[in-house]
Amino acid sequence: MILPGLCSVTFRQFEPQKIIELGSAAGLRAIEWGGDIHVPHGDEDAAKRVRDLTAAAGLQVSSYGSYYRAAGTDVSFDATLRSAVALGAKTIRVWAGNVPSVEASPELVASIVDDLKTCVALGAENDVSIALEFHDGTLTDGNEAALRLLDAVPGVSIIWQPKTLFDVDYRREGLEKLLPRVSNLHVFQWAKDFSRLPLADGASEWKSYLVLVNTLPGDRFALMEFVAADSPEAFLADAAILLQLLS
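What counts, and at which threshold
- Residues numbered from 1 in each chain as written.
- Predicted model: local features only at pLDDT ≥ 70, side-chain atom pairs only at ≥ 80, totals over all residues.
- Heavy atoms only, no water.
- Core = buried A, V, L, I, M, F, W, Y, C linked by side-chain atoms within 4.5 Å.
- Buried < 20%, exposed > 50% of the residue type's maximum accessible area, 1.4 Å probe, protein only.
- Contact = heavy atoms within 4.5 Å.
- Helix = DSSP H or I, 4+ residues; strand = E, 2+ residues; numbered from the N terminus.
- Phe/Tyr/Trp six-rings, centres within 6.5 Å; stacked < 30°, edge-to-face > 60°.
- Axes fitted to C-alpha atoms, helices over the stretch in contact; angles between N-to-C directions.
- Parallel < 35°, antiparallel > 145°, perpendicular 65-115°, else oblique.
- Left-handed = near helix turned anticlockwise from the far one by under 90°.

Let us now look at the nonpolar core. Counting 70 residues, the largest nonpolar core has Trp33, Leu87, Ile92, Leu132, Trp160, Leu185 and Phe235 as its most contacted members. Setting aside chain neighbours within four positions, we find Leu132 in contact with Val94, Ala96, Leu116, Thr140, Leu149, Leu150, Val156, Ser157, Ile158 and Ile159. With 7 residues, the next largest nonpolar core counts Cys7, Val9, Phe221 and Leu223 among its residues.

Quick look at the structure:
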């Protein structure tokens, strides 16, 4: 089953309580809390406050959206893990380094793989899984690159999102290949110039993605991210479309 939610980074300008109110008003079920502003890495008190606010509203914490970059970050994984545990998150998003896959040396790739294996092991000790951000400028910047890294790191999953610069066929082909390792989805609709569009513009495209993911066993979250003009009104309109697509 796919449950609707949002990423708190969609509204970096708002305090957690406002984000929770928007998610509730939209009829969503969960929030991925970001590690940059709302739940800073290592601030366990902030994580506990946000956890309690989220639960009080009847929402789930889908995941911790950290900015830990394997083998290339100033963020401590220990601090990241402590925040995730305090937040009650069962999944931590991490980034596969900070170099595009075609530019990464074999030595750097090996370092990233080793770091991710350590993250997976430490997470498992705390009943927390590790999911990679499917993103440009990292070792998961394309379909084949992501598959290679997933194969190299057993136990890690991926948070899938559409690759903006590629067409729908490439996106769907990648999702089909990555499907067994997909944890959650980041949901947005962008043009190739990275301008933000209403989710309604991509409704049929997103329906095809959701149908694919819904064939997987267990629950996953479709998390809304980056709406037009960072607008609550645009968010509520997009959330209504997401709920329709999931119905």
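Let's shift gears to the environment of Leu179. Here Leu179 lies in the loop between α6 (168-178) and β7 (182-187). With relative accessibility at 11%, the residue Leu179 sits in the buried group. Sequence separation between Leu179 and Ile92 is 87 residues, and the spatial gap between their C-alpha atoms is 19 Å. Discounting residues that sit within four places of it in the chain, Leu179 has contacts with Leu212, Val213, Thr215 and Leu216.

With that out of the way, let us pick up the packing of aromatic side chains. The tally for this structure, following the rule as stated, stands at 11 aromatic pairs. Ring geometry for Trp160 versus Tyr209: centroids 4.8 Å apart, planes at 70°, classification edge-to-face. Note that Trp160 is positioned in strand β6 (residues 157-160) and Tyr209 in helix α7 (residues 203-213), a separation of 49 residues in sequence. Considered together, Trp160 and Tyr209 belong to a single accessibility category, that of buried residues. Cluster of aromatic residues (ring-pair linked, three or more members): Phe188, Trp190, Phe194 and Phe226.

The next thing to look at is the packing of helix α2 (residues 44-56) against helix α3 (residues 77-87). Orientation of α2 relative to α3, taken along the N-to-C sense of each, is 25°, at an axis distance of 7 Å. In terms of orientation, α2 lies roughly parallel with respect to α3. Our pair here, α2 against α3, has a crossing hand that is right-handed. Across from Glu44, Ala47, Lys48, Val50 and Arg51 in α2, the residues of α3 making contact are Arg82, Ser83, Ala86 and Leu87.

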